[in-house]
Amino acid sequence: MIQIAIAGPGNISHRFLEGIKDVPDAAVTAFGTRNPNRVKAYAEAHHIAKVDSFSNLCNDSSIAAFYISTPNHVHYELIKEALSSGKHVLCEKPITVTTAEYRELLGIAHAKQLVLMEAHKTLYTPVFQSISNVLNEHRLGEICSASAGFCRNDPHAPDEWRLHTRGGGALYDVGCYGLAELFGLFGPDLQLKSHSQELVDGLNTGGMISLEKNGIPMNVPYSFVKDGDCDLRIVGTLGTLTCHAFWKSDSYSILCDGQVMNYRFPFASEFTFEIQQFINRINNRQWQDRFSEEISMRILEILDSSLTI
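Enquirer: Lay out the sheet that holds strand S5 (residues 88–92) in plain terms, naming residues and giving numbers.
Expert: The 6 strands are arranged S3-S2-S1-S4-S5-S6 in an open sheet whose pairing can be described as parallel. Edge strands, defined here as strands with exactly one partner in the open sheet, are strand S3 (50–52) and strand S6 (116–119). Across the sheet, the mean angle from the axis of one strand to that of its neighbour is 25°, orientation sign disregarded. Where strand S1 (residues 2–7) and strand S2 (residues 26–32) come together, 6 bridges link them in parallel fashion. In the sheet register, isoleucine 4 faces S2, and the bridge partner there is valine 28. Lying on the sheet, helix H4 (residues 75–84) is in contact with strand S4 (65–68), S5 and S6; it crosses S5 at an angle near 165°.

Enquirer: Would you mind going over the pattern of salt bridges in detail, with residue names and values included?
Expert: Across all of its chains, the model carries 13 salt bridges by this definition. When the shortest N-O distance is used, the salt bridge between lysine 226 and glutamate 198 registers 3.6 Å. Placement of the pair is lysine 226 in the loop between strand S11 (216–223) and strand S12 (231–236) and glutamate 198 in strand S9 (residues 191–200), with a sequence separation of 28 residues. Taking the relative accessible area as the measure of exposure, glutamate 198 reaches 34% and is therefore partly exposed. The shortest N-O distance in the salt bridge between arginine 233 and aspartate 231 comes to 3.0 Å. With relative accessibility at 29%, the residue arginine 233 sits in the partly exposed group. On the accessibility criterion, aspartate 231 (14% relative accessible area) is buried.

Enquirer: Describe the packing of helix H7 (residues 170–186) against helix H9 (residues 290–306), and please don't skip the residues or the numbers.
Expert: With their axes 10 Å apart at the nearest point, H7 and H9 run at an angle of 135° to one another. By the angle between their directions, the pair H7 and H9 is classed as oblique. H9 is crossed by H7, and the crossing has right-handed handedness. When H7 is examined against H9, the residues Leu171, Tyr172, Cys176, Leu179, Ala180, Phe183 and Gly184 are found in contact with a partner set consisting of Phe291, Ile295, Arg298, Ile299, Ile302, Leu303 and Ser306.

Rules behind the numbers
Residues numbered from 1 in each chain as written. Predicted model: local features only at pLDDT ≥ 70, side-chain atom pairs only at ≥ 80, totals over all residues. Heavy atoms only, no water. Pairing = 2+ DSSP bridges. Helix = DSSP H or I, 4+ residues; strand = E, 2+ residues; numbered from the N terminus. Axes fitted to C-alpha atoms, helices over the stretch in contact; angles between N-to-C directions. Contact = heavy atoms within 4.5 Å. Salt bridge = Lys/Arg side-chain N within 4 Å of Asp/Glu carboxyl O. Buried < 20%, exposed > 50% of the residue type's maximum accessible area, 1.4 Å probe, protein only. Parallel < 35°, antiparallel > 145°, perpendicular 65-115°, else oblique. Left-handed = near helix turned anticlockwise from the far one by under 90°.

Okay, here's the thing in structure tokens:
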């Protein structure tokens, strides 16, 4: 049984706790927080007996791994401390704020033979695997265009996303979803063509990332202040595939010759699949996953470039 501690037991950790229920080889046994009293009732409700500082849990031999869901700007320091203490790490996206930070952490993880994995849940769902098969089997014909949007007015977004801090803003929050989806489906060799950003008082609140592969346009619209496109849409010469809310969806459809074919893969939590992948890598000693590492690096390269646009 892999015992996991959650660093940052906030909003998203509720969904992680739901997802891990269907992972037989792992359990959350501790919360790492700077304010134990603040999460005491939450821990008790989920039968988490151990609530301690992050550093103390790093030195706890019973803890094998961390799930980090803190604000982006502290990911790097927490991951580094966890890896240096011999713990595996699953960290929410973006895994770091810059490519330089990620390269350093990968070096530590590889040297210590530890799993360092970014929590891009969309890459591990049954829907993603099925859509990958559709593309590999050329069932849409030649691909003409693709887009993966995440645009919604979210008044309940955590305050830290709206602050002028490292890793704040919509690109780091919701823009990463569409980038992961397109890089995952079409490979990490997509090229950045342009990135238009919407700024409010210097804070990125949305934008449009334009990518290209072999002349095929692929776009990522994103926003956390405007409702809009929340679909994966792939247009081919033989049909169009649409998946709404692709980052958590259990279904998609294909329109071909005027007929709509629907595909559904029911599950309780979309978090289960990324957690199971993380545990599989630990148990099978698959320390490196070059495919997911390349995707994480390509996303961070785009985040890096956004700072100079």
